[in-house]
Amino acid sequence: MATSRKTFVVQVHEDGGAVLENVRTRECVWLSQLAEIAPQITGWLDEPERHPASGSASEPHCPGGTT
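The model shown is predicted, which means the values in this text are computed figures rather than measured ones.

K.L.:
What's the story with the overall build of the chain in this structure? I'm lost.
P.N.:
Each helix and strand counted, the chain has one helix and three strands in total. For the chain, the succession of helices and strands along the chain, N to C, is β-β-β-α. For the chain, the residues scored as buried account for 28% of the 67 residues in total. Of the contacts made within the chain by residues no fewer than 6 positions apart, 39% connect residues no fewer than 24 positions apart.

K.L.:
Looking at this model, I keep getting lost on the pairing of strand β1 (residues 8-12). Mind explaining?
P.N.:
Two faces, one strand: in a regular strand the side chains alternate between the faces of the sheet. Pairing of β1 with strand β2 (residues 18-22), which is carried by five bridges, proceeds in the antiparallel orientation. In the sheet register, Q11 faces β2, and the bridge partner there is V19. The turn joining β1 and β2, which pair antiparallel and follow one another in sequence, is formed by five residues; a positive phi near 95 degrees is taken by G16.

Each value, and the rule that gives it
Residues numbered from 1 in each chain as written. Predicted model: local features only at pLDDT ≥ 70, side-chain atom pairs only at ≥ 80, totals over all residues. Heavy atoms only, no water. Helix = DSSP H or I, 4+ residues; strand = E, 2+ residues; numbered from the N terminus. Buried < 20%, exposed > 50% of the residue type's maximum accessible area, 1.4 Å probe, protein only. Contact = heavy atoms within 4.5 Å. Pairing = 2+ DSSP bridges.

Here it is in structure tokens:
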């Protein structure tokens, strides 16, 4: 069985929130709690057709300069 890798970047902020980026789709979301990271990633993995490779950022500035 083939294994595929997915890459996600998390930028943690001092206030306890985080910006999570799906590197494949370049989609970014602001999460108010770190506990929201796993459910967000699970959602992306469960619905890959909802997030095309040319996706757009849901936040104006994505960490690392990808938007």
